[in-house]
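Tertiary structure, described
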Amino acid sequence: MRKIILLSLTAWLMYSTAQAQPAPNRHIRIVDTLTPLERSTRNPVILQAELDSLIKEYNTANPVTNLQQNPVQDAVKKETTDNANLIMLLGAVITGLLLWIIYRQGRQQQAIKKWLPAASVKNTTLHAKDQNTKGKNGQVSVETKISDLHAEIHKLSRENEGLSRVIKEYNGIQHEYESLRHGMLKAYKVRNYPGNTDAVEEHDAMQTVLDTESAVARYAYEKFLQPVLKIMDDHKNSPAKIPAAESEKLLDLLVSLSLLYIEYLYLRVNELAIGGKMVERIKGFANGKGPDPASLKKLDTEFGSRALVLRMALDKFRLKQLSYPVFDETNLNHS
């Protein structure tokens, strides 16, 4: 295609060059006589008589007009030649553009022809493979999908069973917690324990109850029960020979331990009333401290009271000083 364009441009240039070259300058000679050779080939040769006759005839017919029209004719002829050259130039340009467009279309058609067979072969192969797969493995694919669905259903069923177990366990734990909560609220006066008020959350109040129970148990074991066990272990091989002082000490510890838990029951049993500053005294158990003697009242011997009955009974057993001298906020060591 490039060769065709180059040949066209070359031909147009050669033609334009040929048109632009001037005709060979052939002068007219005026002679009186002609030789036989000039007479046979006399084409720009003219006789003097002929020339005179022509001039005469021309001057007689158009003496002035012909002289004025010659420049106009030359200008028209030149303009016509220029227009023809311009038309030829435009024609050559248009021809070149058409040839270039035809060339590009040819290239595109060749590319499409090269691509179509490969695409057709690929599409045919895929279609044939798909048809072959559908024809041979259609039933197998359906069975595989059904098997996968069954496996997925089985998996979801097992997951559902696991979630059901978790929910059941959670419900069981929730039921156990509610039962424990109800039991603690029924057995303990939770709001009466040290540090618990109406502003405290219920679970915090129950945690305070457990902390107080642990502190009281630890104090009772270290201050009373452990010394009682030591005295009994020291004299278990000869209990009849136990000294009177050890007997009095053992009785004191047992009575003090019982008084401690009797007083502590004021916090736990609904029917018992809380007396005075007992709540404040129990706060000291967490630090291993006993009741503050400054917070105890003197024993009133003029009027009847529970403390007076206990004091008179203890006097019969010669127990004057108790390790835990508190009951109903009264100092039972005071005689």
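Here is a short report on the structure shown in this document. (Residues numbered from 1 in each chain as written. Predicted model: local features only at pLDDT ≥ 70, side-chain atom pairs only at ≥ 80, totals over all residues. Heavy atoms only, no water.)

As for the overall build of the protein chain
- A count of helices and strands for the protein chain gives eight helices and four strands.
- Helices and strands in the protein chain line up, N terminus first, as α-β-α-β-α-α-α-α-α-α-β-β.
- Going through the 335 residues of the protein chain one by one, you find that 20% of them count as buried.
- Across the protein chain, every contact between residues at least 6 apart in sequence was considered, and the portion connecting residues at least 24 apart equals 55%.
- Element-wise, carbon and sulfur atoms account for 60% of the exposed surface of the protein chain, whose accessible area totals about 25,400 Å². (Helix = DSSP H or I, 4+ residues; strand = E, 2+ residues; numbered from the N terminus. Buried < 20%, exposed > 50% of the residue type's maximum accessible area, 1.4 Å probe, protein only. Contact = heavy atoms within 4.5 Å. Areas by Shrake-Rupley, 256 points an atom, 1.4 Å probe, with all protein chains shown as cover.)

Quick look at the side chain of aspartate 252
- You can see aspartate 252 is positioned in helix 6 (residues 244-268).
- One buried charged residue, aspartate 252, remains without a salt bridge, the closest side chain of opposite sign being lysine 249 at 4.1 Å.
- When sequence neighbours within four positions are dropped, the list of residues in contact with aspartate 252 reads Leu319, Gln321, Leu322 and Ser323. (Lys, Arg positive; Asp, Glu negative; His and termini not counted. Salt bridge = Lys/Arg side-chain N within 4 Å of Asp/Glu carboxyl O.)

A few points about the packing of aromatic side chains
- Across all of its chains, the model carries three aromatic pairs by this definition.
- Note on tyrosine 261 and tyrosine 264: the rings are 6.5 Å apart at their centroids and 85 degrees apart in plane angle, and the pair reads as edge-to-face. Taken together, the residues tyrosine 261 and tyrosine 264, both in helix 6 and three residues apart, mark about one turn of the helix.
- Taken together, Tyr219, Phe224 and Tyr324 form an aromatic cluster joined through their ring pairs. (Phe/Tyr/Trp six-rings, centres within 6.5 Å; stacked < 30°, edge-to-face > 60°.)

Quick notes on the environment of glutamate 213
- With respect to the helices and strands, glutamate 213 occurs in helix 5 (residues 202-234).
- Residue classification places glutamate 213 among the buried positions, given a relative accessible area of 18%.
- Sequence separation of glutamate 213 and tyrosine 193 is 20 residues, and the distance between their C-alpha atoms is 9.7 Å.
- In this view, glutamate 213 contacts Tyr188, Tyr193, Tyr264 and Arg268; residues no more than four positions away in its chain are not counted.

Quick look at the nonpolar core
- In terms of nonpolar packing, the biggest core is built from 37 residues, with Phe224, Leu259, Leu260, Leu267, Ile282, Phe285 and Tyr324 touching the most fellow members.
- Going through the elements one at a time, helix 5, helix 6, helix 7 (278-283), helix 8 (306-316) and strand 3 (326-327) are the ones with two or more residues in this core.
- What isoleucine 282 contacts, discounting residues up to four positions off in sequence, is Pro194, Thr212, Val216, Tyr264 and Leu267. (Core = buried A, V, L, I, M, F, W, Y, C linked by side-chain atoms within 4.5 Å.)

Structural notes on the side chain of arginine 311
- Within the secondary structure layout, arginine 311 lies in helix 8.
- For arginine 311, the residues in contact, after removing those within four places along its chain, are Leu299, Leu319, Lys320, Leu332, Asn333 and His334.

What to know about a nonpolar patch on the surface
- A cluster of nonpolar residues, Leu86, Leu89, Leu90, Val93, Ile94, Leu97, Leu98, Trp100, Ile101 and Ile102, forms a patch on the protein surface that exposes about 930 Å² of accessible area.
- Position of leucine 90 among the secondary structure elements: in helix 4 (residues 65-187).
- A residue is classified by how much of its surface remains accessible, and leucine 90, at 48% relative accessible area, is partly exposed. (Patch = residues over 30% accessible without salt bridge, like charges linked within 9 Å, V, L, I, M, F, W, Y side chains within 5 Å.)

A word on helix 6
- Counted at 1.5 Å a residue, the expected span for helix 6 with its 25 residues is 36 Å, and the 36 Å between its end C-alpha atoms agrees.
- For helix 6, the set of buried residues is Leu250, Asp252, Leu253, Val255, Ser256, Leu257, Leu259, Leu260, Glu263, Tyr264, Tyr266 and Leu267.
- Buried-residue contacts for helix 6 involve helix 5, helix 7, helix 8 and strand 3. (Expected span 1.5 Å × (residues − 1).)

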